[in-house]
Amino acid sequence: MMRTTWLAVAVTALTASSANAAIIDWQAELQRCRDLRASVAPLLQAGEGISAVGRSNRSVRRCIWIQRMAVRKKVPGAETW
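Cut-off values and rules
Residues numbered from 1 in each chain as written. Predicted model: local features only at pLDDT ≥ 70, side-chain atom pairs only at ≥ 80, totals over all residues. Heavy atoms only, no water. Helix = DSSP H or I, 4+ residues; strand = E, 2+ residues; numbered from the N terminus. Expected span 1.5 Å × (residues − 1). Buried < 20%, exposed > 50% of the residue type's maximum accessible area, 1.4 Å probe, protein only. Disulfide = S-S within 2.5 Å. Bend = angle between axes of the 7 residues up to and from the residue.

Draft legend 1. Representation of helix H4 (residues 57–72). The end-to-end C-alpha separation of H4 is 23 Å, in line with the 22 Å expected for 16 residues at 1.5 Å each. Of all the residues in H4, the buried ones are Ser59, Val60, Cys63, Ile66, Gln67, Met69 and Ala70. After H4 finishes, the residue Lys74 shows a positive phi value of roughly 60 degrees.

Right, dumping it as structure tokens:
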């Protein structure tokens, strides 16, 4: 009985935490990606590589993913890169 209760509590906690992790503030993420693009674009046009710009590839990949998902979900203000 005790194991069943403990398992139920653990499953509930995991489900609740994963549900909260999926919530995205789309407007804030889109703004962050716009800022990233605005700061990186002139340097890339000048011939600098993304690593020379000082931005991580992870943040760029996340912004590309955010943009794709926002366009797919038809979030206002979303545009493709």
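Text resumes after the structure shown.
Draft legend 2. Looking closely at the state of the cysteines. Within this structure, the stated rule accounts for one disulfide. With a sulfur-sulfur separation of 2.4 Å, Cys33 is cross-linked through a disulfide to Cys63. Looking along the S-S bond of the Cys33-Cys63 disulfide, the torsion reads about -95 degrees, which is the left-handed sense. One end of the pair, Cys33, is in helix H2 (residues 26–45); the other, Cys63, is in helix H4, and 30 residues separate them in sequence. For Cys63, a relative accessible area of 0% puts it in the buried group.

Draft legend 3. Focus on H2. The end-to-end C-alpha separation of H2 is 28 Å, in line with the 28 Å expected for 20 residues at 1.5 Å each. Of all the bends in H2, the greatest reaches close to 25 degrees and is centred on Ser39; the proline Pro42 follows between one and four positions later. Within the span of H2, buried status applies to Trp26, Glu29, Leu30, Cys33, Leu36 and Val40. Looking one or two residues beyond H2, the residue adopting positive phi is Gly47, at roughly 100 degrees.

Draft legend 4. Inspection of unusual backbone geometry at higher detail. A positive phi is found at Lys74, a non-glycine position, where the angle reads about 60 degrees. With respect to the secondary-structure elements, Lys74 resides in the segment after H4.

Draft legend 5. Fine view of the environment of Arg37. Assignment of secondary structure puts Arg37 in helix H2. Residue Arg37 is classed as partly exposed on the basis of its relative accessible area of 27%. In the structure, Arg37 is positioned 26 residues away from Cys63 in sequence and 9.0 Å away in space, judged by C-alpha atoms.

Worth remembering: the numbers are spatial, not functional.
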